[in-house]
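Chains, contacts and geometry: an overview
The residues making up each chain are set out below.
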Amino acid sequence: MIKMDYDRALYYTHRSEWDNLLILMVRTKDQLLSKRIEQFLHAYHFERDYSVIENKLYSLLRYIDHANETIDPENDELPMYSLS
């Protein structure tokens, strides 16, 4: 698991950068993260009920939070580049 993917997903979600979130969905090796992003983006673009969109967003954010807590800091790979 690459912590940078979770950081990017959180950043793109916070900044409403849906195009970058879509690219991350395709490129990440974490299939669960990819699936959560897909479900959220689908709901965001096609769902009319705001509560469904909200539930998908919270599901994505809970997964990102859970993944960030379970990553072993010693085993984390060095990122190729930084967002800052």
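Given the structure is predicted, the values throughout are model-derived calculations rather than measurements.

Thresholds, definitions, all that
Residues numbered from 1 in each chain as written. Predicted model: local features only at pLDDT ≥ 70, side-chain atom pairs only at ≥ 80, totals over all residues. Heavy atoms only, no water. Helix = DSSP H or I, 4+ residues; strand = E, 2+ residues; numbered from the N terminus. Buried < 20%, exposed > 50% of the residue type's maximum accessible area, 1.4 Å probe, protein only. Areas by Shrake-Rupley, 256 points an atom, 1.4 Å probe, with all protein chains shown as cover. Axes fitted to C-alpha atoms, helices over the stretch in contact; angles between N-to-C directions. Parallel < 35°, antiparallel > 145°, perpendicular 65-115°, else oblique. Left-handed = near helix turned anticlockwise from the far one by under 90°. Contact = heavy atoms within 4.5 Å. Salt bridge = Lys/Arg side-chain N within 4 Å of Asp/Glu carboxyl O. Core = buried A, V, L, I, M, F, W, Y, C linked by side-chain atoms within 4.5 Å. Phe/Tyr/Trp six-rings, centres within 6.5 Å; stacked < 30°, edge-to-face > 60°.

Here we come to the overall build of the protein. From N to C terminus, the protein includes 4 helices and 0 strands. For the protein, the α and β elements follow one another from N to C terminus as α-α-α-α. With 84 residues in all, the protein has 31% of them scored as buried. Counting only carbon and sulfur atoms, one obtains 51% of the accessible surface of the protein, whose full area is about 6300 Å².

Turning next to the packing of helix H1 (residues 3-14) against helix H4 (residues 50-70). Packed helices, taken two at a time, are described by the angle between their axes plus the distance between the axes. H4 packs onto H1 with a crossing angle of 150 degrees between their chain directions and a minimal axis gap of 10 Å. On the basis of the axis angle, H1 is roughly antiparallel to H4. Here H1 runs over H4; the crossing is left-handed. Residue-level contacts link Lys-3, Tyr-6, Asp-7, Ala-9, Leu-10 and Thr-13 of H1 to Leu-57, Leu-60, Leu-61, Tyr-63, Ile-64, Ala-67 and Asn-68 of H4.

According to the stated counting rule, one finds 2 salt bridges in the structure shown. Where Asp-5 meets Arg-8, a salt bridge forms, and the shortest distance between an N and an O atom there is 4.0 Å. Placement of the pair is Asp-5 and Arg-8 together in helix H1, with a separation of 3 residues, close to one helical turn. For the residue pair Asp-5 and Arg-8, the accessibility class agrees, reading buried in each case. Residue Lys-35 is joined to Glu-38 by a salt bridge in which the shortest nitrogen-to-oxygen separation is 3.6 Å. Within this pair, Lys-35 and its partner Glu-38 are both found in helix H3 (residues 31-46), separated by 3 residues, close to a single helical turn. Classification of Lys-35 by relative accessible area gives partly exposed; the value is 42%.

With that out of the way, let us pick up the nonpolar core. Grouped together as the largest cluster of nonpolar side chains are 18 residues, with contacts concentrated most on Tyr-6, Leu-21, Leu-33, Ile-37 and Phe-40. Counting only elements with at least two residues in this core, the list comes to H1, helix H2 (18-27), H3 and H4. Residues contacting Leu-21, with those up to four places away along its chain left out, are Ala-9, Tyr-12, Thr-13, Ile-37, Phe-40 and Leu-41.

Right, let's get into the packing of aromatic side chains. Per the counting criterion, the structure on display carries 5 aromatic pairs. An aromatic cluster is defined as three or more aromatic residues linked by ring pairs; in this entry it consists of Trp-18, Phe-40 and Tyr-44.

Tracing the sequence through the fold places Asn-20 in helix H2. The class for Asn-20 is partly exposed, based on a relative accessible area of 31%. Between the C-alpha atoms of Asn-20 and Arg-8, which are 12 residues apart in sequence, the distance is 8.8 Å.

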